[in-house]
Structure formats: structure tokens, C-alpha cells
Amino acid sequence: MSSFLAGFRALGTGFGVILRRPKLLFLGALPALISAVLLLGCLGTLIYFSGDLVGWMTPFADGWGDVGRRTLRILVGVALVGSAALLASVSFIAITLLIGGPFYEHIAEKAEEELGLDTSDDGAGVLRQLGRGVQDSVKLVLIALTGAIVLFAIGFIPVAGQIAALVLGALFGAWLITLEMVGLVFTRRGLKLADRRRALRGYRAATFGFGLPTYLLCLVPVLQLVVIPSAVVGGTLLAHRVLGPTPRESR
């Protein structure tokens, strides 16, 4: 429980830092706004064309009776849109970080300076670190897509499958968001996505203590604009906790 609360407190500290610094809030909100508009536009387009898409996906039902065909296509349509919404929610932060990488790096460094944490890197240079970040963001979007496909399949299980998909979706989203938010510190130190996964395995309670409230708050429209930069700061704090203090921080 103490580790879970530590993850929760890291997010709370992030909110405190961001709300005290309006400039950082503005810098962090802009990429989140762009990402939200893009994803909502894609989701709206999918909903608009969902009837045609579901018909294309279920040609075998053309010869069925009206009730059976409509029931099947409604279920497929709901599952399709629901899975797309889930994919959008779990990939939202990865896309936002990809769009606003330099902004969030600046926010993380300012938070580290304010909280007395080490801002040093492995000396790889800005362009190389940016390349690492882009590479890891693409991998995270692919992981989100794979998870959405699995949850899409689970959602077809009558009654229990839909409940399980919601619960598992929240847990998956929480894990993925934490994986994304600790990335700025890990990438700066030359560590890869696989290193993040291994490190967070030893801090599962803190991972979900941070990730679950972040994921749920990101589902609230407009609030996302404050949550994302706050979670960047909170994820930075959590990354330092997971990696342990550097020699500079230990002195």
C-alpha cells in the first residue's frame, strides 16, 4: 500500500509543480490539445463510416435474417468503436509525447531543478536522444495497438467479456502510461524501452498507484490538458525513484 501511495503522491506532486508554473502548464497543454483534436477527429470519422465498415467486415451475414444480421452488426460496430476509443485512450499520451517531446523534456528538467534532482544525461546529444524517444514512442503505439486487438477479442465474450475488457483496459492503460511517463529520464540516461519494462516490474504497486489515476483522469475531456504535463513531472519523479539516486543526488 505504501508503494501504491508513493506512485499516487508522485502524480500529486506533479500537479503541484505545474499549477504553480503557468508557463509550464501552457507548454504542456499545447501538444496535448493537438493530439486530442487529431484522435477525436479520427474517432469521429470512424463512427461516421462505421456502418459501411461493419458491412464490409461481415459479408457472410448478408444472407441472414434481419434480426440476426442487425444484431451481429450492432455488436461488431460497438466492439469496433469501443476498441478504437480504447486504442485512442492508451496511445494518447504516446502520441502527445511524440508531438511535444522538446516541450516535455523542458518541463521535466525544470521540475528536476526545482526538486533538486539530477538533470545530467549520457552525453549522446539532443538529436540522438530525440531519435531514441521517437523510436520508443512508435514501439509504445504498436504495443497499444496489440493490446487493443486483444481487448477487442475479449469484448466479444458475452457479459463477462465486456466487464473484463473494461477492467483489463484500465490496468493495461495504467501500465502503458507509466511506461511512457518515466521515459524522459530513462532515455536521457541511454536506457531503452526494455529497460523501463524491467525496472517497473519491481515497482508494480507504485506503477499502478501512478498510472491508474493518470489513465482515468485522461479520460475526462479538457482535464487532459492539465493531467499530461502534471504526469510528465510525476513520471519524472517516479523514474528517479525507480532508478535510484545518482552520485550527484547522493551527496
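Residues numbered from 1 in each chain as written. Predicted model: local features only at pLDDT ≥ 70, side-chain atom pairs only at ≥ 80, totals over all residues. Heavy atoms only, no water.

Enquirer: Could you give me a rundown of the side chain of Ser-230, with the residues and numbers involved?
Expert: When you line up the elements, Ser-230 lands in helix α11 (residues 224–243). Exposure remark for Ser-230: the relative accessible area of 0% places this residue in the buried category. Among the polar contacts made by the side chain of Ser-230, one reaches the main-chain carbonyl oxygen of Val-226 at a distance of 2.8 Å. (Helix = DSSP H or I, 4+ residues; strand = E, 2+ residues; numbered from the N terminus. Buried < 20%, exposed > 50% of the residue type's maximum accessible area, 1.4 Å probe, protein only. Polar contact = N/O pair within 3.5 Å; in protein donor to acceptor, adjacent residues only side chain to side chain.)

Enquirer: Residues and numbers for the environment of Thr-45, please.
Expert: Mapped onto the elements of the fold, Thr-45 is located in helix α2 (residues 22–48). Within the structure, the side chain of Thr-45 is placed 2.9 Å from the backbone oxygen of Gly-41, a separation counted as a polar contact.

Enquirer: So what's going on with the packing of α2 against α11? Residues and values would help.
Expert: If you want to describe how two helices pack, look at the angle between their axes and the distance between the axes. Two elements in contact, α2 and α11, have axes separated by 8 Å at closest approach and are oriented at 120 degrees. Judged by the angle between their axes, α2 and α11 are oblique. The two elements α2 and α11 meet at a crossing, and its hand is right-handed. For the pair formed by α2 and α11, the contact residues are Leu-24, Leu-25, Gly-28, Ala-29, Ala-32, Leu-33 and Ala-36 on the first element and Gln-224, Leu-225, Val-226, Ile-228 and Pro-229 on the second. Per-class residue counts for the contact of α2 with α11 are 10 nonpolar, two polar and no charged. (Axes fitted to C-alpha atoms, helices over the stretch in contact; angles between N-to-C directions. Parallel < 35°, antiparallel > 145°, perpendicular 65-115°, else oblique. Left-handed = near helix turned anticlockwise from the far one by under 90°. Contact = heavy atoms within 4.5 Å. Nonpolar A, V, L, I, M, F, W, Y, C, P; charged D, E, K, R; others polar.)

Enquirer: Provide a residue-level description of α11, including the pertinent values.
Expert: With 20 residues, α11 extends 27 Å from end C-alpha to end C-alpha; this agrees with the ideal 28 Å at 1.5 Å per step. By the criterion of burial, α11 is predominantly enclosed, with 16 of the 20 residues buried. Just beyond α11, the residue with positive phi is Gly-244, at close to 85 degrees. (Expected span 1.5 Å × (residues − 1).)

Enquirer: Residues and numbers for a positive patch on the surface, please.
Expert: Taken together, the side chains of Lys-139, Lys-192, Arg-197, Arg-201 and Arg-204 define a basic patch exposed on the protein surface. With respect to the element layout, Lys-192 can be found in the loop between α8 (183–188) and α9 (193–201). (Patch = residues over 30% accessible without salt bridge, like charges linked within 9 Å, V, L, I, M, F, W, Y side chains within 5 Å. Areas by Shrake-Rupley, 256 points an atom, 1.4 Å probe, with all protein chains shown as cover. Salt bridge = Lys/Arg side-chain N within 4 Å of Asp/Glu carboxyl O. Lys, Arg positive; Asp, Glu negative; His and termini not counted. Charge placed at Lys NZ, Arg CZ, Asp CG, Glu CD.)

Enquirer: Lay out the packing of aromatic side chains with the relevant residues and their values.
Expert: Within the structure shown, the criterion is met by three aromatic pairs. The interplanar angle of 85 degrees and the centroid separation of 4.9 Å between the aromatic rings of Tyr-48 and Phe-49 together place this pair among those described as edge-to-face. Judged by relative accessible area, Tyr-48 falls into the exposed class, the value being 67%. Given a relative accessible area of 45%, Phe-49 falls into the partly exposed group. Centroid distance Phe-172 to Trp-175: 6.2 Å. Interplanar angle 35 degrees. Geometry classified as tilted. Taken together, the residues Phe-172 and Trp-175, both in helix α7 (residues 160–181) and three residues apart, mark about one turn of the helix. (Phe/Tyr/Trp six-rings, centres within 6.5 Å; stacked < 30°, edge-to-face > 60°.)

Enquirer: Report on helix α10 (residues 204–218), specifying residues and quantitative values.
Expert: A rise of 1.5 Å per residue sets the reference length of α10, with its 15 residues, at 21 Å; its end C-alpha atoms lie 20 Å apart and thus fit the reference within 8%. The set of residues buried in α10 consists of Ala-206, Thr-207, Gly-209, Phe-210, Gly-211, Pro-213, Thr-214, Tyr-215 and Cys-218.

Enquirer: How would you sum up a nonpolar patch on the surface? Please name residues and give values.
Expert: Side chains of Phe-26, Leu-30, Leu-33, Ile-34, Val-37, Leu-38 and Ile-99 sit close together on the surface and give an oily, nonpolar patch of about 640 Å² of accessible area. Considering each element in turn, the nonpolar patch owes the most residues, six residues, to α2. Within the secondary structure layout, Leu-33 lies in helix α2.

Enquirer: I'd like a description of the pattern of salt bridges, backed by residues and values.
Expert: With the rule as written, the count across this model stands at seven salt bridges. The shortest N-O distance in the salt bridge between Arg-20 and Glu-114 comes to 2.5 Å. Placement of Arg-20 in helix α1 (residues 2–20) and of Glu-114 in helix α5 (residues 101–115) is noted, with a sequence separation of 94 residues between them. Its relative accessible area of 34% is what places Glu-114 among the partly exposed residues. Connected through salt bridges with shared partners, the residues Arg-20, Arg-21 and Glu-114 form a single ionic network.

Enquirer: So, the nonpolar core: which residues are in play, and what are the values?
Expert: Most often, soluble globular proteins keep nonpolar side chains buried together rather than apart. Residues Ile-93, Tyr-104, Ile-107, Met-181, Ile-228 and Val-232 are the most contacted members of the largest nonpolar core, which totals 49 residues. Take this core: its biggest share by element is nine residues, from α11. Those residues in contact with Ile-107 that lie beyond four places of it in its chain are Ile-18, Leu-24, Leu-27, Gly-28, Pro-229, Val-232 and Val-233. (Core = buried A, V, L, I, M, F, W, Y, C linked by side-chain atoms within 4.5 Å.)

Any functional reading would require information beyond the geometric quantities listed.
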